[in-house]
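Fold and contact review
Listed below are the residues making up each chain.
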Amino acid sequence: MKRVVILISGGGSNMVRLVESMTGDHPARPVLVIANSAGAGGLARAADLGVPTAVVDHRPHKGDRPAFEAELIRVIDAAAPDILCLAGFMRVLTEGFTARYAGRMLNIHPSLLPKYRGLDTHARAIAAADTEAGCTVHEVTAELDGGPILGQARVPLRADDTPATLAARVLEQEHRLYPMVLRRFAEGDRSRLDLTTA
Ligand code: GAR
């Protein structure tokens, strides 16, 4: 059974979907959810699902990313994960961190990468008058939102969309895509998955 550690910063809706997916004949199980803030709403949701949780607060290490990551690594490695899932984890990671978990760390990003790396993806897609938007699950490398793409889900972008309405439509697809990609990844399948919705 593959051991999965999930990193979150916020409400953790993607984390919940990942945890809920890992049952039955799924080849992986969640062993730990880590948040970089004790205020992350997802911590209580993980605990409700029976998954151990930990907090590694980035704030005491302000301006010293390697020191924050050293603490994060200590907590992650104590859980001996085979796979790390970033699920709304909003800290930029150093090359040392990404190299340590190369080939076993996934991220979900709310755009059709390579478009719109970084923040404010939905506002940028609307400003560009794109006709479609979506989300991407990719392997994490040193390049921000730049690793090999494992799956994408596309949704139509409507003329009256606001960042909030688009985010809600994309989030539904995140919840569909991420569990599917994680399962395939845990089974050793790194081929790309493409989902489309009308
Ligand atoms: C999700 O939309 C995820 O794609 C995004 O944060 C949200 C977290 O929601 N991630 C990023 O922007 C990463 N750069 P959740 O906490 O409800 O899963």
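Residues take numbers from 1 onward in each chain, read along the sequence in its written order. Under the rules for a predicted model, residues below a pLDDT of 70 receive no local features and side-chain atom pairs below 80 are neither given nor counted, while totals for whole chains, interfaces and linings still include all residues. Excluded from the side-chain calculation are hydrogens and water; included are all heavy atoms of the structure.

Let's shift gears to the overall build of the protein. Strands are runs of DSSP state E lasting at least 2 residues, helices are runs of H or I lasting at least 4, and numbering of each runs from the N terminus. Within the protein one finds 6 helices and 8 strands. Rg of the C-alpha trace for the protein: 16 Å, near the compact-globule value of 16 Å for 198 residues, within the 12% margin. Referenced to the eigenvectors of the C-alpha coordinate spread, the extents of the protein come out at roughly 45 × 45 × 30 Å. Considering the protein as a whole, with its 198 residues, one finds that 48% of them fall into the buried category. A fraction of 62% describes how many contacts in the protein between residues 6 or more apart in sequence connect residues 24 or more apart. Only the protein chains shown count as cover for residues, and the accessible areas themselves come from Shrake-Rupley with a 1.4 Å probe. If you sum the accessible surface of the protein, you get close to 9000 Å²; carbon and sulfur atoms cover 54% of it. Here the radius of gyration uses the C-alpha set of atoms, whereas the globule reference equals 2.2 Å times the residue count to the power 0.38. Under the scheme applied here, a residue whose accessible area is under 20% of the maximum for its type counts as buried, over 50% as exposed, and between as partly exposed, the area being computed with a 1.4 Å probe on protein chains only. Contacts are residue-level and defined by heavy atoms, with any inter-residue pair within 4.5 Å sufficient.

So, about the site of the ligand. What makes a residue near a molecule or strand is one non-hydrogen atom of that residue sitting within 4 Å of it. Neighbouring residues of the ligand: Gly11, Gly12, Ser13, Asn14, Gly88, Met90, Ile108, His109, Pro110, Leu171 and Glu174. Between N or O atoms, a polar contact is any pair within 3.5 Å; within protein, one atom must be a potential hydrogen donor and the other a potential acceptor, and residues adjacent in sequence are included only when both atoms are from side chains. Between the ligand and Gly12, the relevant distance is 2.8 Å, taken from an oxygen atom to a main-chain nitrogen or oxygen of the residue. Considered on its own, the ligand offers 450 Å² of accessible surface; in the complex 80% of this is hidden by protein. Elements that contribute at least two residues to the shell around the ligand include exactly α1 (13-21), β5 (105-109) and α6 (163-186). Here the shell around the ligand is built from residues that sort into 4 nonpolar, 6 polar and 1 charged. Residue ranges for the domains trace back to a domain assignment, done automatically or taken from a database. Two domains share the shell around the ligand, each providing at least three of its residues, namely domain 1 (1-101) and domain 2 (107-198). Side-chain classes follow a simple rule in which Ala, Val, Leu, Ile, Met, Phe, Trp, Tyr, Cys and Pro form the nonpolar group, Asp, Glu, Lys and Arg form the charged group, and the remainder, Gly included, forms the polar group.

Mapped onto the present numbering, the UniProt feature "active site" (unreviewed entry) falls at His109. Topologically, His109 is positioned in strand β5. Apart from residues lying up to four places away in sequence, His109 is in contact with Tyr116, Arg117, Gly118, Thr121, Cys135, Thr136, His138 and Asp145. UniProt positions are given in the numbering used here, feature names are shortened, and annotations may be inferred rather than shown by experiment.

Now for the domain arrangement of the protein. Taken as a whole, the protein is organised into domain 1 (1-101) and domain 2 (107-198). In this complex, domain 1 contributes 19 residues to the contact, which on the side of domain 2 involves 17 residues. Defined here as a combined quantity, buried area equals the accessible surface (1.4 Å probe) lost by two parts on assembly, summed across both. For the domain 1 and domain 2 pair, buried surface summed over both sides reaches about 1600 Å², with 66% attributable to carbon and sulfur atoms. Contact with domain 2 buries surface across domain 1, with Asn14, Arg17 and Leu86 losing the most and accounting together for 29% of the total. A pairing counts as a salt bridge when a side-chain nitrogen of Lys or Arg comes within 4 Å of a carboxyl oxygen of Asp or Glu. The tally of links from domain 1 across to domain 2 stands at 1 salt bridge. Between Asp25 and Arg183 there is a salt bridge whose closest N-O contact spans 3.0 Å. At the boundary of domain 1 with domain 2, the tally comes to 5 residue pairs in polar contact (both at pLDDT 80 or more). For the side of domain 1 that touches domain 2, the secondary structure elements donating two or more residues are α1, β4 (83-86) and α4 (95-100). When the residues that make up the side of domain 1 that touches domain 2 are grouped by side-chain class, the tally is 10 nonpolar, 5 polar and 4 charged.

A few words on the state of the cysteines. In plain terms, two cysteine sulfur atoms within 2.5 Å form what is called a disulfide here. By the definition in use, this model includes 0 disulfides. Note on Cys85: no disulfide assigned, nearest cysteine sulfur contributed by Cys135 at a separation of 14 Å. Cys85 sits in the buried class, given a relative accessible area of 0%. Look at Cys135 and you get buried, because its relative accessible area is 0%.

This part takes up α6. For an α-helix, 3.6 residues make a turn, and residues three or four places apart therefore share a direction. The end-to-end C-alpha separation of α6 is 33 Å, in line with the 34 Å expected for 24 residues at 1.5 Å each. Looking one or two residues past α6, Gly188 carries a phi angle of roughly 90°, positive in sign. For a helix, the expected span equals 1.5 Å multiplied by the number of residues minus one.

Before going further, it helps to spend a moment on the pattern of salt bridges. Evaluated as defined, the whole model comprises 12 salt bridges. The closest approach of N and O atoms between Glu139 and Arg190, which form a salt bridge, is 3.8 Å. Note that Glu139 is positioned in strand β6 (residues 132-139) and Arg190 in the loop between α6 and β8 (193-196), a separation of 51 residues in sequence. The closest approach of N and O atoms between Asp161 and Arg169, which form a salt bridge, is 2.8 Å. Since its relative accessible area comes to 8%, Asp161 is described here as buried. For Arg169, a relative accessible area of 14% translates into the label buried. One salt-bridge network, held together by shared partners, links Asp25, Arg183 and Glu187.

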